[in-house]
Amino acid sequence: MPSPFEYAPAPESRSIVDIRPSYGLFVNGEFVDGHGTSFKTISPATEEVLAEIAAADDADVDAAVRAARKAYDKVWSRMPGRERAKYLYRIARIIQERSRELAVLESIDNGKPIKESRDVDVPTVAAHFFYYAGWADKLGYAGFGADPQPLGVAGQVIPWNFPLLMLAWKIAPALACGNTVVLKPAETTPLTALLFAEICQQADLPPGVVNIITGAGDTGQALVAHPGIDKVAFTGSTEVGKAIARSVAGTDKRVTLELGGKAANIVFDDAPVDQAVEGIVDGIFFNQGHVCCAGSRLLVQESIADELLARLKRRMSTLRMGDPLDKNTDIGAINSGEQLARIRELSEVGDAEGAERWEVACDLPTKGFWFPPTLFTGVTQAHRIAREEVFGPVLSVLTFRTPAEAVEKANNTPYGLSAGVWTDKGSLILSMASKLRAGVVWANTFNKFDPTSPFGGYKESGYGREGGRHGLEAYIR
Amino acid sequence: MSRIDVRKTYKLYIGGAFPRSESGYSYEVTDSKGAFVANAALASRKDARDAVVAARKAFGGWSGRTAYNRAQILYRIAEVMEDRRPQFVQAVAQSEGLTASKADQAVDAAIDRLVWYAGWADKITQVVGNANPVAGPFFNLSTPEPTGVVAVLAPQGSSLLGLVSVVAPVVVTGNTVVVVSSYDRPLPAVTFAEVLATSDVPGGVVNLLTGSAATIGPWLASHMDVNAIDLTGIAGDPALATDLEVAAADNLKRVRRAPAAEPDWTLDPGTEPMTAFLETKTVWHPIGV
Amino acid sequence: MSSSPTIADPGFDDVTRSEASLPRFLHGLPGVDQVGAEARAAGLGTRSIKTTAKAYALDLAIRMVDLTTLEGQDTPGKVRALAAKAMRPDPADPSCPPVAAVCVYADMVATARETLGGSPGDSRVHVAAVATAFPSGRAALDIKLADTRDAVEAGADEIDMVIDRGAFLSGRYLQVFDEIVAVKQACVRDSGPDAHLKVIFETGELQTYDNVRRASWLAMMAGADFIKTSTGKVQPAATLPVTMVMLEAVRDFREQTGTVIGVKPAGGIRTAKDAIKYLVMVNEVAGPDWLDPERFRFGASTLLNDLLMQRTKMTTGRYSGPDYFTLD
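Quick caveat, the model's predicted, so the values are computed rather than measured. (Residues numbered from 1 in each chain as written. Chains lettered and ligands numbered in written order. Predicted model: local features only at pLDDT ≥ 70, side-chain atom pairs only at ≥ 80, totals over all residues.)

A. Fine view of the overall build of chain C. For chain C, the helix and strand inventory stands at 13 helices and eight strands. Its C-alpha atoms give chain C a radius of gyration of 19 Å, within 12% of the compact-globule value 20 Å for 328 residues. Summarising its shape, the C-alpha atoms of chain C cover approximately 60 × 45 × 35 Å along the three principal directions. Out of the 328 residues in chain C, the part that is buried amounts to 54%. A sequence separation of at least 24 residues applies to 78% of the contacts in chain C between residues at least 6 apart. (Helix = DSSP H or I, 4+ residues; strand = E, 2+ residues; numbered from the N terminus. Rg over C-alpha atoms; globule rule 2.2 N^0.38 Å. Buried ≥ 20, exposed ≤ 12 C-beta atoms within 10 Å, placed from the backbone. Contact = placed C-beta atoms within 7 Å.)

Have a look at this one:
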């Protein structure tokens, strides 16, 4: 029912952000032209064109790798850790200083609510740089030998779901360990990476230590395949991850992959039920479900399933979908037309396979890419919507009877990135955690990230860990 | 007619404020050549008592902050010190009789040492803590926790780098500290306290007493609400160090013994200055349905 | 939707029958995870309420205030001044609505009633009285009931009682239950409507959210019309997460029984900004049905002036100052 307490529009101002009409590549400390076919980045909420973005062709990729190599050989690998640390601390501080600008830009380019980019993404980005800055001069204490050495040049390809945060997860540990980087942001979300390049300039980071090359899939492939890099770090789809794993076979390139997931969020009958509902909602609707570790399968103990679903639907009905820059928006836009088409397609598969769809009633704006928070009940493991990653605000609901059955169903997937467990019983939490084949287990919480906490998957969700002491291993030898 | 300068009064730093000694006593501080510089407060046992009260009061809040928060605060201290670099260089040169370039190096090293320790706040747990693979269906985790209020006798020689090197490792992990500065060279310590007061460090986390480690030390060593004591400042006085260690045994304080001579502060400190003031807590929990 | 019952809800007779069954029921309620609950409350606090929404919220908040004076030094003069302010909070602006009630000690009820006029039950500013050896609750039951009857006879519309926290924390739930039932009985009038009963938990002493959930169910089963966080005499008093747990309880109770119980956070709510956060929480946790002075109140004193100042800023566009509002 409509509430008499209607929240009026509360828009965050766009004026802090200065989007240029066009952007070049950031190579060797300055912005240069790209020689591939430039492309446009749009706001997924309104479809307005934001800027024209350069594309790096093979020659551009080569130039960037050479710049990174030169900076590595001449400057960065010779610099004592405590001085490298100070650059990273500077970057962290500037991110804090420009935090609102970064958050607004991220929301405009990605479509995620300003509330999330402001309260989650950007603060966590600053924290990552702060944390890894502190490792730069302490690598001998990290448990990987007395004097770990960097690998050299890292080629890093990141996705569109947490553009700046994924950049931080890649660049901070790489630089802390003494590597230089060439990073390719996702095609639909380049703007905060380009602003980050400016921040590197403000921090007086030596030229070539960080290089940002924009482009599409072919730029990423060229980077990964380049013989001049020592390390590949990729976050994205499992399909592309497998292609990368094949392409580095037989080389000396080290590789870490952070890929897809189909996490089970397991709710037992003795769960703290109101917090479990919050955790389910956060698990699949945070960031519009564009989260590799999203709790996209709700496994609810059969004895409480009806009650939990009623509460869940009631809670979902208070979710506000709309303008990402409105401070009261909970659910923003789907990042692109392609992604929206995929979500719709898989949802139609869900209907066709006999699952029952329920969605929050909301007015969808005429422009932009929107999908209402949706859940499917009556789903079983045999359904495609229980197996395939939707990467959207779509929750598949399955039931279980016993802990053993929950574990079996949770693990019955090629993926293994994350899982959630909701119960008041401590031993059960630990028992489930020990049996779940997932790199991250959240108990009585979900989607919690911290620079000190390692993140990464089992099985086809990838290998390697980002964050924490463990996250250093990928960037040293 | 040249301008007459406004000379600073050097006071104690307790509970975030700058009181004079309750005794009303002060003592002459001279530069390395013996010329008068200032009168510094001469801390009494009652000042020490008040400092311990302030440190205890601040402990719950400070140890309860996130490691990230403590890291940022220690980094902020470094930022403010860097901003006040010329003042510190002048103070260290004057106190220790160093050339300008040696004083520069000492101050640089002190700031960098703070930055080094700032980075430990959210890492020490990962380096000294761990899960333990016990032979049974139990989750078992060992983590370090700060011990509480730590008394520190700061080195007599190195007035800034040495001071930072004995204070930072104590507070970065969540302890609070009562520190007695170098008797002959207290002025950089007072300037350091002023930096602390303007760097978001909560009052009571660091309490600075200018005065004599030999006089104040015994009161801190025997204080039953002090959890640990660092005797670095009486290096080279083994008889006194023994007495203090004996007094400390009354409540089994953790004691960091005085070295034979003041160490070379430019060397990598390692983790021992931090772990000396950490307790290890091990928690068990069954794993089952 | 049924109104609140005058006796303990008979649907729970099996649960409240014995010393053994009541604890089993209360301890069987779902737990509250502290971290999750506090995070949800904090998240709701980030809602940005502007322009028309803010104007609505400010007016509603004013209408929900139980303007309170509970001091040993209260005099008839003080109570009269408070009552006058309750009726006309902003003398410079007649469009400003009156508050919901004045809240005073039982021996001041008659004075308050004199100033406010009317009789129990008619719709204008109500008189709420604290009773049952407020704030500590440490007195024999017959004293607490005499305290209650006194206030009722003096004309109170509402009684704010305190539970026996000692009994609750030592697990004597049935004793707490029986006391509430007895006080509810003492609110019954032979002629005229019964006084409504608010039950104060003193959440600062109960300390855990699990206890607050249990106390909420206990009070609702015993026939409370409102559940209330605190006396305002103990810190912490009302907080957003504690109030949220109580809003969840009344929501669930209505779901299960059809009965609507009100919620009153009291103490520590000083600014209009705080009050608006509470209203957002009411809106999104319990639901819009509770956006009504019959279902939600603020126990406050200084809050009112901040609400008036914010209201004035919305109408004039300028920040105001304390000189422009009465102390009372």
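Picking up after the structure, the text goes on.
B. Here's a closer look at the overall build of chain A. A tally of helices and strands in chain A yields 14 helices and 18 strands. By the compact-globule yardstick of 23 Å for 477 residues, chain A fits well, its C-alpha radius of gyration being 22 Å. In terms of overall dimensions, chain A has C-alpha extents of about 65 × 50 × 35 Å along its principal axes. For chain A, buried positions account for 60% of its 477 residues. If you take every contact in chain A between residues at least 6 apart in sequence, the share linking residues at least 24 apart comes to 72%.

C. Unusual backbone geometry, seen in detail. Following Phe134 of chain C, the chain continues into Pro135 of chain C via a peptide bond in cis, with omega recorded as 0°. In this fold, Pro135 of chain C is placed in the loop between β3 (126-131) and α6 (141-153). Cis peptide bonds are those with omega within 30 degrees of zero, and the linkage from Gln235 of chain C to Pro236 of chain C qualifies with -5°. If you trace the backbone, Pro236 of chain C turns up in the loop between β6 (226-228) and α11 (240-257). Of note, Lys459 of chain A is a non-glycine position whose phi angle comes to about 50°, a positive value.

D. Highlighting the interface of chain A and chain C. At the interface, 22 residues of chain A touch 24 residues of chain C. For the side of chain A that touches chain C, the elements supplying multiple residues, two or more each, are α4 (114-133) and α9 (273-285) of chain A. In terms of residues, the side of chain A that touches chain C owes the most to one element, α9 of chain A, which gives five residues. Residues that form the side of chain A that touches chain C fall into these classes: eight nonpolar, seven polar and seven charged. (Nonpolar A, V, L, I, M, F, W, Y, C, P; charged D, E, K, R; others polar.)

E. The arrangement of helix α10 (residues 209-221) of chain C in detail. All names here are of chain C. Taking 1.5 Å per residue, 13 residues should reach 18 Å; α10 reaches 18 Å between its end C-alpha atoms and fits that length. Within α10, burial applies to Tyr209, Asp210, Val212, Arg213, Arg214, Ala215, Ser216, Trp217, Leu218, Ala219, Met220 and Met221. Once α10 finishes, Gly223 follows within two positions and takes phi at roughly 105°, a positive value. (Expected span 1.5 Å × (residues − 1).)

F. Quick peek at the domain arrangement of chain A. Residue and element names in this part refer to chain A. Split by domain assignment, chain A resolves into domain 1 (22-259 + 460-475) and domain 2 (264-451). Here the C-alpha centre of domain 2 lies 29 Å away from the C-alpha centre of domain 1. Of the residues lining the interface, 25 residues belong to domain 1; the matching set on domain 2 comes to 26 residues. Sorting the residues of the side of domain 1 that touches domain 2 by element identifies α3 (99-110) and α4 as the ones contributing at least two each. The greatest single-element share of the side of domain 1 that touches domain 2, amounting to seven residues, is contributed by α4. (Domains from an automatic or database assignment.)

G. Summary view of the sheet that holds strand β4 (residues 138-146) of chain B. The three strands are arranged β3-β4-β10 (chain B) in an open sheet whose pairing can be described as antiparallel. Lying at the two open borders of the sheet, with one neighbouring strand each, are β3 (130-131) and β10 (278-286) of chain B. (Pairing = 2+ DSSP bridges.)

H. Quick peek at the interface of chain B and chain A. Contact residues are listed per partner, giving 21 residues for chain B and 23 residues for chain A. Contributions of two or more residues to the side of chain B that touches chain A are made by α2 (67-83), α4 (100-118), α5 (124-128) and β10 of chain B.

I. Spotlight on the packing of helix α3 (residues 85-96) of chain B against helix α7 (residues 187-197) of chain B. Residues and elements named next belong to chain B. Contact geometry of α3 with α7 gives a least axis separation of 9 Å together with a crossing angle of 160°. One element, α3, and the other, α7, form an angle in the roughly antiparallel class. Where α3 approaches α7, its residues Gln87, Phe88, Ala91, Val92 and Ser95 are matched on the opposing element by Leu187, Pro188 and Thr191. Considering only residue class, the contact of α3 with α7 consists of five nonpolar, three polar and no charged. (Axes fitted to C-alpha atoms, helices over the stretch in contact; angles between N-to-C directions. Parallel < 35°, antiparallel > 145°, perpendicular 65-115°, else oblique.)

J. Examining α3 of chain A more closely. Residues and elements named next belong to chain A. The end-to-end C-alpha distance of α3, which contains 12 residues, comes to 16 Å, matching closely the 16 Å that a straight helix rising 1.5 Å per residue would cover. Of all 12 residues in α3, nine are buried, a share of seventy percent or more. Among all positions of α3, only Leu102, Ala103, Val104, Leu105, Glu106, Ser107, Ile108, Asp109 and Asn110 are buried. Contact partners of the buried residues in α3: β4 (39-42), β5 (49-53), α2 (81-97), α4, α5 (163-176) and α6 (191-202). Backbone geometry just downstream of α3 places Gly111 in the positive-phi region, at approximately 100°.

K. Spatial organisation of the arrangement of the chains. No other pair of the two pairs of chains in contact has as many contacts as chains A and C. Nothing in chain B touches chain C, and the closest approach of their C-alpha atoms is 15 Å.

L. Molecular detail of the confidence of the model for chain C. All names here are of chain C. Looking at chain C, pLDDT values average 93 and 97% of them are 70 or higher. Low pLDDT, under 50, characterises residues 1-5; the stretch is placed with nine contacts to residues that sit more than four places away or in other chains. We note a pTM of 0.95 for the whole complex and an ipTM of 0.94 for its interfaces. (pLDDT = per-residue confidence, 0-100.)

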